[in-house]
Amino acid sequence: MPHPRIGISLGHNSFDVLALTTNDFVLTREQHPLTSPSYHDRLQAMASRVRMLDREYGKGSLGVAIPGSITPDSGHIRTSPVQDLIGHTMLLDLAAAIGRPVRIASDADCMALSETMDGASAGLYCCFHAILDHGVTGCLTIGNRILSGPNALGGEWSHNPIPWPREWKHADERPGPDCYCGLTGCTETFLSTHGLMDDHAKATGMMLPWPDIAASATAGDPDCLESMQRYADRLARALSIIVNLVDPDAIVLGGALSDIDWLYEKLPLLWSGWALSNTTRTRLCKAAHGADSIVRGASLLWDCPDQVRPQPALLLHPAD
């Protein structure tokens, strides 16, 4: 059997694993809960699972999707909603733990790679890919290539302020919630799953899981409906900035909150109020590969080195 392509997508409380053959046959698709949130325990849990896959299928390539962005020169994780990752060089540490090179990219980059290959953005010239989950991040592709730039920040929108801040009945968006990055009112603080739950709690005094808020809104609960309307309004404003700035052919949503189906009807109606064009032709799409898109993109990181952000040279080889 040819050596597998292994992808790992690291989340807040778990990590996903996908092992594919060279012709995309799925050898295994798994989700592993994390019993400890520490960086060391996350690293050891992933390394242990990779070593088990090595024994079962032979040593293959390994790509890792992380929630956050990476400093291009040193490889340190500079931002992440999973804050115990910040400051670490996971790629170097994981390569040392498994004894072979590893590639690493943000979860939005991995989703973009998967979707431009044969998904929602395949064949489109300019697309913005957004993750709406425990964290919020983005990736811009031009001609099916990820836009990187000298700071490896192309498409990162989560730590810009929410545009055209409004005062609602229960809360003023200015200055906005505190963000782990040290600023206030960042897009991520409003549009993440916790942002939605915190906003609902401030308005109602009840902290509910976000799926309950979304489901109750669909069922007609007035408080949950108002919370979801605020969320959609904020997301439409944030995405309209992308429309005005880069005029993409499509915006592709991934992550847990991308499964709220009515957003795809609501948002294009809302963002026309802030996008400069009289008729906004940008399409809004859900990631075609769904929940697998991020981990699938991670498994492709070695196949498409010219389509992803450059990897720090010192991190492409395991420590001696």
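Up top is the structure these notes are about.
Rules used in this analysis
Residues numbered from 1 in each chain as written. Predicted model: local features only at pLDDT ≥ 70, side-chain atom pairs only at ≥ 80, totals over all residues. Heavy atoms only, no water. Helix = DSSP H or I, 4+ residues; strand = E, 2+ residues; numbered from the N terminus. Expected span 1.5 Å × (residues − 1). Buried < 20%, exposed > 50% of the residue type's maximum accessible area, 1.4 Å probe, protein only. Contact = heavy atoms within 4.5 Å. 1 Å grid on protein atoms, 1.4 Å probe; cavity = no way out; pocket = protein on both sides within 12 Å on 5 of 7 lines; lining within 4 Å. Points joined across faces, edges and corners; volume = space filled by probe spheres on them. Nonpolar A, V, L, I, M, F, W, Y, C, P; charged D, E, K, R; others polar. Pairing = 2+ DSSP bridges.

Student: Requested: an account of helix H5 (residues 193-204), with residues and values cited.
Tutor: Taking 1.5 Å of rise per residue, the 12 residues of H5 would be expected to cover 16 Å, and the 17 Å separating its terminal C-alpha atoms lies within 8% of that figure. Buried within H5 we find Thr193, Gly195, Leu196, Met197, Asp199, His200, Ala201 and Ala203. Looking at the buried residues of H5, the elements they touch are helix H4 (187-191), helix H6 (210-218) and helix H7 (222-246). With its phi angle positive at about 80 degrees, glycine 205 sits one or two positions after the end of H5.

Student: I'd love a proper account of empty space enclosed by the protein, names of residues and values included.
Tutor: Evaluated as defined, the whole model comprises 1 cavity of 30 Å³ or more. Counted as a void, the largest cavity has a volume near 30 Å³. Broken down by element, the lining of the largest cavity gets its largest block of residues, 3 residues, from H5. Considering only residue class, the lining of the largest cavity consists of 3 nonpolar, 1 polar and 3 charged.

Student: An account of unusual backbone geometry is requested, with residue identities and associated values reported.
Tutor: The general pattern is negative phi for most residues beyond glycine and trans for most peptide bonds. For the bond from arginine 174 to proline 175, the omega torsion is 0 degrees, close enough to zero to count as cis. By the secondary structure assignment, proline 175 is in the loop between strand S10 (145-146) and H4. In this structure, aspartate 24 is a non-glycine residue whose phi angle is positive, near 70 degrees. Tracing the backbone shows aspartate 24 in the loop between strand S2 (14-20) and strand S3 (26-33).

Student: Residues and numbers for the pairing of strand S9 (residues 136-142), please.
Tutor: Of all 7 residues making up S9, 6 are buried, and the element is well covered by its neighbours. Between the end of strand S8 (residues 126-132) and the start of S9, which pair antiparallel, lie 3 residues. In this antiparallel pair of consecutive strands, S9 and S10, the connection spans 2 residues, and glycine 143 shows a positive phi of 60 degrees.

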